[in-house]
Amino acid sequence: MQFDQRNPLPVPESGALQAVAARFDSSFDWQYALDRRELMALYEKGKSASWNASDLDWSQEVDVEKIAFLRSGGEPTGAFNALLVPPHPLDEAQVLDFNLQMNAWMLSQFLHGEQGALLATAKIVQQVPWEEAKFYAANQVADEARHVEVYHRYLTEKLGCSFEVNANLQTLLNDILSDSRWDMTYLGMQIMVEGLALAAFGLQRMLMSEEPLICDITTRVMADEARHVAFGVLSLEGLYTREMSAGELREREDFVMEASYLMRERLLMEQVFERMGLDTERWLRWSLETPFMQGFRQMLFSKVVPNLKRLGLLTPRVRQAYEKLDLLRYEGGKDSTEDAEIAPPAELVKLLLEMRQGNPAAA
Ligand SMILES: [Fe+2]
Ligand SMILES: [Fe+2]
């Protein structure tokens, strides 16, 4: 694997290397019962579904600004300014740059999230008490390394534009990696972060449907991620409904609510605004308050909510918090074991189509 890093990833101010301290038990399973059939089946599936990043067609030219220009019928400012109602109208060069930066920001956070998943799944291999889950998690570690590889290559070789990790994403990843309880690693990574990522990948693929290389990458990654989320649901099944004390359950509820708040209200693009020289405070307020942007962030929970419900974590306390964030609308959806279908929610599709056609009614 060799590629040209046209623009290496910017390193955070804190430095290139970051250590997250953690104390947890590594568990041997001397019984090797291997009788968790669904996990074993998922492991088999995972092994045969593996792919090689080198097989993608990396020779393709990628020009995101050109795509945005053509997509808008040569009028990029019209749809942007009318539909997204930015704090002030942007000119053509700014709109095209905004498109490029926003896309690079999303993909960069995917990359950093993938590295978090790589570390978290390695931790699951050590912590989880059953051999079947260790097998699958080990398979997932290899998937995550490949995901880091493809996003890194795409960002540095093809896009030539990237961002350091978002501070709030980093906080969430640190929390997951430093927790000593094995189920929290799962809950944080497999259910919350990967559940959200699945929806975000669907969004990315729709946004960049004219760009074949990123569509190929995203389709492959999504197929892997759908298995990873199912792995989380299968492993945690029954744990929160049968085996936990009220106090322990309360800690899980707190974690779910905190992580949801962080992912819905704090994962914002301030890095893009800063780089473009926009008034960060004003644009952040815009990201939080514009119905269009709110709609986007909300839809990212379309897979997380049914999965939490299946695990028995949509408790009265969590429900109350989700009611406020208007996330209960997804509770009737199918969870990741019932339905591996990873199509973005219909609402999202509608919103994107309207955006593309420059239809201000959607705002
Ligand atoms: Fe991944
Ligand atoms: Fe994953």
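Residues numbered from 1 in each chain as written. Chains lettered and ligands numbered in written order. Predicted model: local features only at pLDDT ≥ 70, side-chain atom pairs only at ≥ 80, totals over all residues.

1. Concerning helix 1 (residues 37-48)
Selection criterion: Numbered from the N terminus, helices here are DSSP runs of H or I no shorter than four residues, and strands are runs of E no shorter than two. Every helix has an expected span of 1.5 Å times one less than the residues it contains. Residues are called buried when their C-beta atom has 20 or more other C-beta atoms within 10 Å, exposed when it has 12 or fewer, and partly exposed otherwise; all C-beta atoms are positioned from the backbone. Arc, as used here, means the arc of the directions from the helix axis to the C-beta atoms. Note on contacts: residues are paired as contacts if their backbone-placed C-beta atoms lie within 7 Å.
Taking 1.5 Å of rise per residue, twelve residues should cover 16 Å, and helix 1 covers 17 Å from first to last C-alpha, within 8% of that figure. Along helix 1, the residues classified as buried are Leu39, Leu42, Tyr43 and Gly46. Down the axis of helix 1, the smallest arc covering the buried residues is 105°, so these residues share one side. Exposed residues lying more than 90 degrees from the buried face of helix 1 are Arg37 and Ser48. Contacts from the buried residues of helix 1 go to helix 5 (131-159) and helix 8 (212-236).

2. Brief notes about the nonpolar core
Keep this limit in mind: Each nonpolar core comprises buried Ala, Val, Leu, Ile, Met, Phe, Trp, Tyr and Cys residues, the members being joined through C-beta atoms within 7 Å.
Grouped together as the largest cluster of nonpolar side chains are 80 residues, with contacts concentrated most on Leu107, Tyr136, Tyr151, Tyr154, Leu196 and Leu308. In terms of residue count, helix 7 (residues 182-207) provides more of this core than any other element does, 14 residues in total. Look past the residues within four positions of leucine 107 in its chain and what remains in contact with it is Tyr151, Tyr154, Leu155 and Leu159.

3. Examining the confidence of the model for the protein chain
Caution applies to low-pLDDT regions: their predicted coordinates should not be interpreted in detail. We count it as follows: For every residue, the pLDDT score states the predictor's confidence, bounded by 0 at the bottom and 100 at the top.
This prediction gives the protein chain a mean pLDDT of 90; 95% of its residues lie at or above 70. Between residues 359-363, whose pLDDT stays under 50, and residues either more than four places distant or in other chains, the model counts 13 contacts.

4. Notes on the environment of methionine 1
By the secondary structure assignment, methionine 1 is in the segment before helix 1. Residues methionine 1 and valine 304, spaced 303 residues apart in sequence, show a C-alpha to C-alpha distance of 34 Å. Setting aside chain neighbours within four positions, we find methionine 1 in contact with Ser54 and Glu149.

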